[in-house]
Amino acid sequence: MSHPGRPVWLGKPKPVALALKALALVLISAIVIFPFLVVVSTSLATKQEIDANGGYVVWPTQISFDAYYQIFNGTQVARSIVISVGVTAVGTAFSLFCTVLAAYGLSRRGSLFQRGLLSFVLLTLLFGPGMIPVYLMVKQLGMLNTYWSLIIPGAVSAFDIVIVRGFIQGIPKELFDAARMDGAGEPGAGRGIRSPGRRSPWVKSHRVDPV
């Protein structure tokens, strides 16, 4: 029994409401899972069974891996997988390198053109170039039909720069003062203090890149 004056959603749910919620959850889960089940089942069925059932098999009577053998036995699919993995690995590493350098420079007050470059980076968050300008840029740079056309255009993200820059600015200034007293320059301070102290934000800001 709900307390007088307590909102309805804070009261103890009734058994009927719990049953309806459970039923709705089961139905929604079945609707989402069923297409994946059909795809996997069809891939494991024989060609004769697929043709007999009109192209879709919910539960195959005989397991066959011929479809997977034909896919991975061909050089085209294997080459595509190697290219995808290579472009993803190189692209993510290159993007992380460029983002960290840009964020480090923009986090240092007094750097050359720091305010102007920061304003330019923030401006790109509001106005994207679009597909056609990016294609024209790739064409003018001679990167058409090359792997670099998949890496260079998306190497730097203004959103990632802003995130990493904010984390870098959170490092206490006293650590850099102590490093300078020990004779460390700007590169040494960046490698010894900023890099180890902010590895987690780098990973968080680039964990979506492989996807």
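Because the structure is predicted, anything quoted here is derived from the model rather than measured.

K.L.:
Can you break down the overall build of the chain residue by residue, with the values?
P.N.:
When you go through the chain residue by residue, the secondary structure sums to 11 helices and zero strands. Listing each helix as α and each strand as β along the chain from the N terminus yields α-α-α-α-α-α-α-α-α-α-α. Among the 211 residues that make up the chain, the fraction classed as buried is 23%. A fraction of 55% describes how many contacts in the chain between residues 6 or more apart in sequence connect residues 24 or more apart. As displayed, the chain offers around 15900 Å² of accessible surface, 69% of which is attributable to carbon and sulfur atoms.

K.L.:
So, helix α1 (residues 15-44): which residues are in play, and what are the values?
P.N.:
For α1, with 30 residues, the first-to-last C-alpha span of 41 Å sits near the 44 Å given by 1.5 Å per residue. At I33, α1 shows its largest kink, close to 30 degrees, and the proline P35 lies no more than four residues downstream. Where α1 is concerned, the buried positions are V38, S41, T42, S43 and L44.

K.L.:
Now, about the nonpolar core: what can you tell me, with residues and values included?
P.N.:
Counting nine residues, the largest nonpolar core consists of A103, Y104, L106, L118, V121, A158, I161, V164 and I168. At the level of secondary structure, the elements contributing two or more residues to this core comprise α4 (75-107), α5 (114-126) and α8 (158-169). The element best represented in this core is α8, accounting for four residues. Those residues in contact with A103 that sit more than four places away from it in its chain are I161, V164, R165 and I168.

K.L.:
I'd like to hear about the pattern of salt bridges, residue by residue, with values.
P.N.:
Overall, the coordinates contain one salt bridge when judged by the stated rule. K47 serves as the salt-bridge partner of D51, at 3.1 Å between the closest nitrogen and oxygen. Residue D51 and its partner K47 are both found in helix α2 (residues 47-52); the two are separated by four residues, about one turn of the helix.

K.L.:
So what's going on with the packing of α5 against α8? Residues and values would help.
P.N.:
Two numbers describe how α5 lies on α8: the axes approach to 8 Å, and their chain directions differ by 130 degrees. Considering their axes alone, α5 and α8 lie oblique with respect to each other. Residue-level contacts link Q114, L118, V121, L122, T124 and L125 of α5 to A158, F159, I161, V162 and R165 of α8. For the contact of α5 with α8, the residue count by class is eight nonpolar, two polar and one charged.

Rules used throughout
Residues numbered from 1 in each chain as written. Predicted model: local features only at pLDDT ≥ 70, side-chain atom pairs only at ≥ 80, totals over all residues. Heavy atoms only, no water. Helix = DSSP H or I, 4+ residues; strand = E, 2+ residues; numbered from the N terminus. Buried < 20%, exposed > 50% of the residue type's maximum accessible area, 1.4 Å probe, protein only. Contact = heavy atoms within 4.5 Å. Areas by Shrake-Rupley, 256 points an atom, 1.4 Å probe, with all protein chains shown as cover. Expected span 1.5 Å × (residues − 1). Bend = angle between axes of the 7 residues up to and from the residue. Core = buried A, V, L, I, M, F, W, Y, C linked by side-chain atoms within 4.5 Å. Salt bridge = Lys/Arg side-chain N within 4 Å of Asp/Glu carboxyl O. Axes fitted to C-alpha atoms, helices over the stretch in contact; angles between N-to-C directions. Parallel < 35°, antiparallel > 145°, perpendicular 65-115°, else oblique. Nonpolar A, V, L, I, M, F, W, Y, C, P; charged D, E, K, R; others polar.

Taken by themselves, the reported measurements are silent on function.
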